[in-house]
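Residues per chain are reported as follows:
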Amino acid sequence: MKRFFLRASAILSIMFCLTLLAFSKNVDAAVERVPVSVTNARWYPLYHIAPPAGWVNDPNGFCTFKGEYHFFYQHYPYDVKWGPMHWGHVVSNDLVHWEHLPVALEPNQLYDAGGGCFSGSGIEKDGKLYLMYTGHVDLPVLTPEGIDRIESQNIAVSEDGVHFTKIKENPVLFVPKSDEIHQGDFRDPKVWSHNGKYYSIIGSRTPDATTGQILIFESPNLIDWTFKNIMAQGSENQGNVWECPNFATIDGQDVLIFSPQAVKPEGKKYLNVHQSVYMLGNFNYNTGIFTHGNFDILDYGFDFYAPQITQTFDGRTVLIGWLDMWENPFPEQADGWSCMMTVPRELHVRKGKLFTTPVKELESLRTSEKSYSNLTINKATKLDSVRGETGELLATVDTSKNFAIELRSSGKEKTVLSYDAATRIFKINRDKAGEGAGGEREVQLAPAGEMNLRIFLDRSSIEIFLNNGEAVMSSRVYPKSTSQDIVFVPQGGTLNLKNVTFYTLGQGIPQPNVK
């Protein structure tokens, strides 16, 4: 394989000059813009990360720094729709209670002012916090090769974890000049250290734009980078570009996580516009190649994309994803904000699969408890004090018969969970969930005599963890605030509930100032 590294070129310089005038106007306009405000908090989450106002999408820069967890996100503060990307910023000492900080990155340089500061990651080095991100520039005309953008990798540094300075060496990394790599799509760096060196994986695709792939680079100092290899590449129906890559060794197993676009549906699988998946394998640091099998879905719900991972202070691997999906309606846009994140999730490899469970720190949100045990019901039943707009529901259910559970129900409005004992298929249906999109998603579970459910409700979201992380289903829903009932529905004569516990949950993030 030919390997070339393009630091800069006359062609790129010309392209930058062509866009300078247009983008300098955009930068000046951005200074004069007024951030939007939240006008109604009816669907704003109590304990999930969401923007103070405006738009949010991909998680960015999830890392530890000076004893705290820092989490960034793609953000546009001047509208409830996607715009030139900024980096929003929150900080926490426990992964649960988050504090909003000022915007960390703004698109104000030639290499990022066109489309913005796209996704990236963070790492602590020499007592400073380094952010590595993609600068995105849309070209006013296509290049002879049909390229419509320049995507480069850049570094911003902070000593206090709040204020960041973009370094003078930017861009530190351009797409390698190679006939095996698409010259336009080159984004979302994930950086980590290993044996005294730094590594960055970056999302890419093949030159014909039909197949996704991930590139890996090596550096002694986060500034000088060498292209090492195409780390992994897709095959049939594995997407045409691989975004937002992550890599970690979890329970002794190498794991690659990424978000492929344009995967075609296979029956009831891959029904979302885009996917988030993982592959188990073995990574060779000498060759830069990840040997792997097929990928599998990370979350079987409607709304989950671009997850990012970090390691906790006690060595766990934790993930947070975007709890939304491109091309869906976002009813909260009428209220001055748009989109949110998942709860933090701990990752483990068990039985040749990646298991995902809520982090233990979420238990600190619990404020009151109502429990039942050994219930046998033969009709639709609501349990006293098991209801709410927000809360955490735990249940252990006999799987020998079909059943359903209605969440955020008023009778007319409801999100319906159901289980078919013969096929072991668990479904979520939101056709009657309120405003927003409807539809149904499903997952087939392993054989077992009972099912463990752990469900997080938070005003406009539902996250369902099945069988201690065997499968997860995350979805946005938009019911009225009065739709709070939880209804257990037998569908095979009786429903046996070994236990049911409902926790009310306290506040996790600052609530917006509603205007």
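Data block above holds the structure.
In short, a report on the structure. (Residues numbered from 1 in each chain as written. Predicted model: local features only at pLDDT ≥ 70, side-chain atom pairs only at ≥ 80, totals over all residues. Heavy atoms only, no water.)

## Some remarks on the pairing of strand β31 (residues 461-466)
Now for step 1: Of all six residues that make up β31, six are buried, and the element is covered over most of its length.
Now for step 2: In β31, alternate side chains face the same way, and those of S461, E463 and F465 on one face and I462, I464 and L466 on the other are all buried.
Now for step 3: Summarising the sheet, strand β30 (residues 450-458) and β31 pair through five bridges and their orientation is antiparallel. Following the sheet pairing, R454 is matched in β31 by F465.
Now for step 4: In sequence, β30 turns back onto β31 through a hairpin of two residues, with R459 there showing a positive phi of about 65°.
Now for step 5: Linkage of β31 to strand β32 (residues 471-476), two consecutive antiparallel strands, is achieved through a turn of four residues, within which N467 is found at a positive phi near 50°. (Buried < 20%, exposed > 50% of the residue type's maximum accessible area, 1.4 Å probe, protein only. Helix = DSSP H or I, 4+ residues; strand = E, 2+ residues; numbered from the N terminus. Pairing = 2+ DSSP bridges.)

## Focus: the sheet that holds strand β9 (residues 187-194)
Now for step 1: Spatially, β9-β10-β11-β12 is the arrangement adopted by the four strands of the open sheet, whose pairing is antiparallel. Since the sheet does not close on itself, it has two edges, and those belong to β9 and β12 (226-233), each with one partner. Neighbouring strand axes in the sheet, compared pairwise and without regard to direction, differ in orientation by 25° on average.
Now for step 2: Here six bridges tie β9 to strand β10 (residues 197-205), and the two strands are oriented antiparallel to one another. Counted as the bridge partner of S193 is Y198 from β10. (Axes fitted to C-alpha atoms, helices over the stretch in contact; angles between N-to-C directions.)

## Side note on the sheet that holds strand β1 (residues 54-65)
Now for step 1: Across the sheet, five strands lie side by side as β4-β3-β2-β1-β20; this open sheet has mixed pairing. Where the open sheet ends on each side, the last strands, each with one partner, are β4 (99-105) and β20 (337-338).
Now for step 2: Here β1 runs beside strand β2 (residues 68-76); their pairing, made up of seven bridges, is antiparallel. Bridging across to β2, P59 finds its partner in Y73.

## So, unusual backbone geometry
Now for step 1: With an omega dihedral of -15°, the bond running from N170 to P171 counts as a cis peptide bond.
Now for step 2: Structurally, the position occupied by P171 is in the loop between β8 (165-166) and β9.
Now for step 3: For L95, which is not glycine, the phi dihedral falls at a positive 70°.
Now for step 4: You can see L95 is positioned in the loop between β3 (86-92) and β4.
Now for step 5: Residue A306 is not a glycine yet carries a positive backbone phi of 55°.
Now for step 6: As for its position among the elements, A306 is in strand β18 (residues 305-311).
Now for step 7: What makes A306 buried here is its relative accessible area of 1%.

## Some details on the side chain of E413
Now for step 1: Mapped onto the fold, E413 is located in the loop between β26 (403-409) and β27 (414-420).
Now for step 2: Overall, the relative accessible area of 10% leaves E413 in the buried class.
Now for step 3: From its side chain, E413 meets the backbone nitrogen of K480 in a polar contact 2.9 Å long.
Now for step 4: A distance of 2.6 Å separates the side chain of E413 from the side chain of S483, its partner in a polar contact. (Polar contact = N/O pair within 3.5 Å; in protein donor to acceptor, adjacent residues only side chain to side chain.)

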